[in-house]
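# Report on the structure
Each chain is listed here by its residues.
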Amino acid sequence: MTSEWPLWEVFIRARRGLSHIHVGSLHAPDAAMAVRNARDVYTRRGEGVSIWVVPSDQITASSPDEKDAFFDPAGDKVYRHPTFYEVPAEAKHL
Amino acid sequence: MPEAYRKTLIRQIAQHAHSEIIGMQPEGNWISRAPSLRRKAILLAKVQDEAGHGLYLYAAAETLGVSRDQLLEQLHTRKQKYSSIFNYPTLTWADVGAIGWLVDGAAITNQVPLTRCSYGPYARAMVRICKEESFHQRQGFEALLTLTRGTPAQKAMAQDALDRWWYPSLAMFGPPDTGEQVSGGHTEQSMRWGIKRFSNDELRQRFVDMTVPQSEVLGLTIPDPDLRWNAERGHYDFTPPDYDELFRVIKGDGPCNAQRLAHRVAAHTDGAWVREAAAAYAAKRRAETEAA
Amino acid sequence: MTTPRVAYALALGDDALVLAQRLGEWVARAPELEEDVALANIALDLLGQARTLLRYAGDLEGAGRDEDALAYWRDDRDFRNALLVELPNGDFAVTMARQLVFAAYQYELYDRLRASSDDTLAAVAGKAVKEVHYHRDHATQWVLRLGDGTDESRRRMVAGLATVWPYADELFQPDDATAALVADGVAVDPPTLREPWTSYVEGVLAEAGLELPEAAAPRSGGRRGLHTEHLGFLLAEMQHLHRSHPGATW
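Our subject in this report is the structure included herewith. The written sequence of each chain sets the order in which its residues are numbered from 1. Working convention: letters from A go to chains and numbers from 1 go to ligands, in the order in which they are written. Totals for whole chains, interfaces and linings use every residue, but because this is a predicted model, local features are given only for residues with pLDDT of at least 70 and side-chain atom pairs only at 80 or more, for both listing and counting. Remark: hydrogens and water are excluded; side-chain values derive from all non-hydrogen atoms of the structure.

Our focus in this paragraph is the interface of chain B and chain C. Counting residues at the interface gives 45 residues for chain B, matched by 46 residues for chain C. Using a 1.4 Å probe, buried area is obtained as the accessible area two parts lose upon being combined, added over both of them. Broken down residue by residue, the surface that chain B buries against chain C is led by B:Leu37, B:Trp273 and B:Tyr281, which jointly contribute 21%. What makes a salt bridge here is a side-chain nitrogen of Lys or Arg within 4 Å of a carboxyl oxygen of Asp or Glu, nothing more. At the junction of chain B and chain C, the tally comes to four salt bridges. Note that B:Arg285 and C:Asp148 form a salt bridge whose closest N and O atoms lie 3.0 Å from each other. Any pair of nitrogen or oxygen atoms within 3.5 Å is treated as a polar contact; in protein, a donor-acceptor pairing is required on top of that, and neighbouring residues in sequence qualify only through side-chain atoms on both sides. Counting the contacts that link chain B with chain C gives 18 residue pairs in polar contact (both at pLDDT 80 or more). Mapped onto the side of chain B that touches chain C, the elements with two or more residues apiece are helix H2 (24-28), helix H3 (37-62), helix H6 (120-148), helix H7 (152-171), helix H11 (257-270) and helix H12 (272-291) of chain B. Take the side of chain B that touches chain C: its biggest share by element is 14 residues, from H3(B). We call two residues in contact when some of their heavy atoms are within 4.5 Å. Going along the chain from the N terminus, every DSSP run of H or I of four or more residues is numbered as a helix, and every run of E of two or more is numbered as a strand.

Helical geometry: 3.6 residues make up each α-helical turn, so side chains three or four residues apart lie on a common side. What a helix is expected to span follows from its residue count: subtract one and scale by 1.5 Å. With 16 residues, helix H10 (residues 229-244) of chain C extends 23 Å from end C-alpha to end C-alpha; this agrees with the ideal 22 Å at 1.5 Å per step. Each residue's exposure class comes from its accessible area (1.4 Å probe, protein chains only) as a fraction of the maximum for that residue type: buried when under 20%, exposed when over 50%, partly exposed otherwise. Along H10(C), the residues classified as buried are C:Leu231, C:Leu234, C:Leu235, C:Met238, C:Gln239, C:Leu241 and C:His242. Residues of H10(C) that are buried make contact with H3, helix H5 (93-111) and H7 of chain B together with helix H1 (4-24), helix H3 (67-72) and helix H4 (83-86) of chain C.

Residue and element names in this part refer to chain A. Two strands form a pair only when DSSP identifies at least two bridges running between them. With antiparallel pairing, the three strands of this open sheet are ordered in space as E2-E1-E3. The sheet is open, and its two edges are formed by strand E2 (21-27) and strand E3 (50-55), each paired on a single side. The mean inter-strand angle of the sheet, taken between neighbouring strand axes irrespective of direction, is 30 degrees. Sheet topology places strand E1 (residues 7-13) next to E2; six bridges connect them, and they run antiparallel. Residue pairing for E2: Phe11 is matched across the bridge by His22. Throughout, an axis means a line fitted to C-alpha atoms (over the contacting stretch in the case of helices), and angles, computed between N-to-C directions, take values from 0 to 180 degrees. Relative to the sheet, helix H1 (residues 31-42) contacts E1, E2 and E3, its axis offset from that of E2 by approximately 115 degrees.

Let us now look at the packing of aromatic side chains. All names here are of chain C. The pairing test for Phe, Tyr and Trp rings, Trp by its six-membered ring, is centres within 6.5 Å, and the orientation test on the planes gives stacked under 30 degrees, edge-to-face over 60, and tilted for anything in between. Within the structure shown, the criterion is met by 17 aromatic pairs over all chains. A centroid spacing of 5.9 Å and a plane angle of 80 degrees characterise the contact between Tyr105 and Phe172, whose relative ring orientation is edge-to-face. With Tyr105 in helix H5 (residues 92-113) and Phe172 in the loop between helix H7 (151-164) and helix H8 (176-182), the pair connects residues that are 67 residues apart, well separated along the chain. Phe172 shares its class with Tyr105; the two are buried.

Taken together, the contact pairs ten residues of chain C with twelve residues of chain A. A buried area of about 1,200 Å², summed over both sides, lies between chain C and chain A, and 58% of it is on carbon and sulfur atoms. Considering only the surface of chain C that becomes buried against chain A, C:Glu34, C:Tyr134 and C:Arg145 emerge as the three largest contributors, covering 46% of it. The interface formed by chain C and chain A includes six residue pairs in polar contact (both at pLDDT 80 or more). Put simply, the parts of the chain that give the side of chain C that touches chain A at least two residues each are helix H2 (33-61) and helix H6 (119-147) of chain C. For the side of chain C that touches chain A, the leading source of residues is H6(C), giving five residues. Ten residue types, Ala, Val, Leu, Ile, Met, Phe, Trp, Tyr, Cys and Pro, are classed as nonpolar, four, Asp, Glu, Lys and Arg, as charged, and the remainder, Gly among them, as polar. For the side of chain C that touches chain A, the class distribution of residues is four nonpolar, two polar and four charged.

Turning our attention to the packing of H5(C) against H7(C). Residue and element names in this part refer to chain C. Between H5 and H7, the least distance of the axes is 8 Å, while the angle of their chain directions is 55 degrees. In terms of orientation, H5 lies oblique with respect to H7. Every pair of crossing elements has a handedness; the one defined by H5 and H7 is right-handed. Where H5 approaches H7, its residues Ala93, Val94, Ala97, Arg98 and Val101 are matched on the opposing element by Arg156, Met157, Gly160, Leu161, Thr163 and Val164. A per-class count over the contact of H5 with H7 returns seven nonpolar, two polar and two charged. Oblique is the label for every angle not falling under 35 degrees (roughly parallel), over 145 degrees (roughly antiparallel), or within 65 to 115 degrees (roughly perpendicular). The sense of a crossing depends on the near helix, which, turned anticlockwise from the far helix by less than a right angle, makes the crossing left-handed and, turned clockwise, makes it right-handed.

It is worth spelling out the pairing of E1(A) at this point. All names here are of chain A. Burial within E1 is extensive, with six of its seven residues counted as buried. In terms of strand pairing, E1 meets E3 through six bridges, oriented antiparallel. The residue bridging Phe11 from the neighbouring strand is Trp52, located in E3.

Here the focus is the environment of B:Ile129. All names here are of chain B. Within the element layout of this structure, Ile129 appears in helix H6. Between the alpha carbons of Ile129 and Gln259 there is a distance of 27 Å; along the sequence they are 130 residues apart. Not counting residues up to four positions away in its chain, the partners in contact with Ile129 are Glu20, His53, Tyr56, Leu57 and Gln111.

Residue and element names in this part refer to chain B. With respect to the helices and strands, Ser199 occurs in the loop between helix H8 (187-193) and helix H9 (200-218). In this structure the side chain of Ser199 is engaged in a polar contact, spanning 2.6 Å, whose partner is the side chain of Asp177. Filtering out sequence-adjacent residues up to four positions away, Ser199 remains in contact with Asp177, Thr187 and Met191.

Any functional reading would require information beyond the geometric quantities listed.
This is how it looks when you write it as structure tokens:
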């Protein structure tokens, strides 16, 4: 039997109010140990207040080959951004 | 991804990861003997960081479709290399300082450009590593500075360490780019691919230029009678390391090659039953969950 | 002067220092890289506790001894740590058995010591209790996995527990130095920790499907400076460089 522990992806939230951000990977035999290993490996310098771990093989990623089809179409929709709209200076709270 | 690029990347990242974990040993030697509790804590944290760095790098290599077990197997059977520097012994406490200052200094010189290399997972690992390495270099310098400002015996210990670590540190940048000792390396291709950004000799020069003024602050003498500032070039002239020695050490004939590898293999072998136990426990729990 | 309070701070500090030294021996030898990092974290926590406690003992003593003077210039007869922490690491199961026994004790101790009438000890305990809570959890996770992993790991875990078990009793024995402090609310009375400790450790062993080790003659003496042979070697290694350069700064 293979005893190599599976790979996990680690996400850390640095402070309250921020999102979890991917910080790296590690090996652990199960989820409980993965959280603990993540704490030891990725928060040695006080980097976090919350940890998520996800088995690496459970992540589905977009393909680099589809990058243009996936992401270019969003590039020209400037009207989705608030700075697109000019508003008179005297109109407050906009 | 082109296969040749993938293979070269795996080799480079793996070699780098192996260097981190083998590099735990020469300094780890001194954790138990550190001369103050403050130094003990610093050194323990530093060697621990190296385990972390090895771990980040193995994970970066794993994104290329090899497992950590496969990479360790390559290390244990000497099919992949690690940095030649870790095959030299740490004989005194000052060696711990010299490794931090020189070896980590050389590593940073090598690694900072890699934070912008063409392969994202490697570059991201290097960003994290470089941040942590700067603590390593500074603590090494400070440890040596304390010695050079200490008793005559401490100062002699610091000079002796510099005498022994200077040329092996220069050799860390690898064989020269020109001349007869060019060794069919991968520099040119790796630079084209953006997984190496400067040549060995460029990095070596950069390291010497950075380190000489630091040695003056320490009040230590670099063991090279021909070392002098060359105003025309805007760089220091220096004696290159003995590349024949470098090749011998890389081939396995350094003072500590056998010892370092035996230690590494023993740790892995002795830990096998623990890894198996944890895997078996996880499998039992999964089976229970599925049965429920 | 070695008042009861100095002796108490030394005992707690020596426990942490000697165990940190032992755990440091695991670095570059752990079963997996992640575990190298975990064990080093625990060692660093303990080393931090030791430094604070030894510094406090030195201040109380008033003889000008700092943390290093106390760590490096006392001989083994002057160390006050329990025998448990000086035992050789053995295999990973022995180390985890010791971690479980000791961290579960330290957790109960520091949890109670937070209410000490001595402000410094209360502050040390307030910080340390969080650290040892994690140490206890780490050991628990491993005892569960080794106890209920493979046949080999179970055999080793049973043997590991049997190795350390006779040394657990000392942690709960009353001693003269401590007795004087308990009345003033400075120290925690060791025997009162036995019940919560037992309940925790038995719970872990039950979940791991492990029997309690058979009762063996308890070993003690550390709090009185009567140690095993192992401590002398540990200190020789730890102290030799510092002692080779008297008066030097590092």
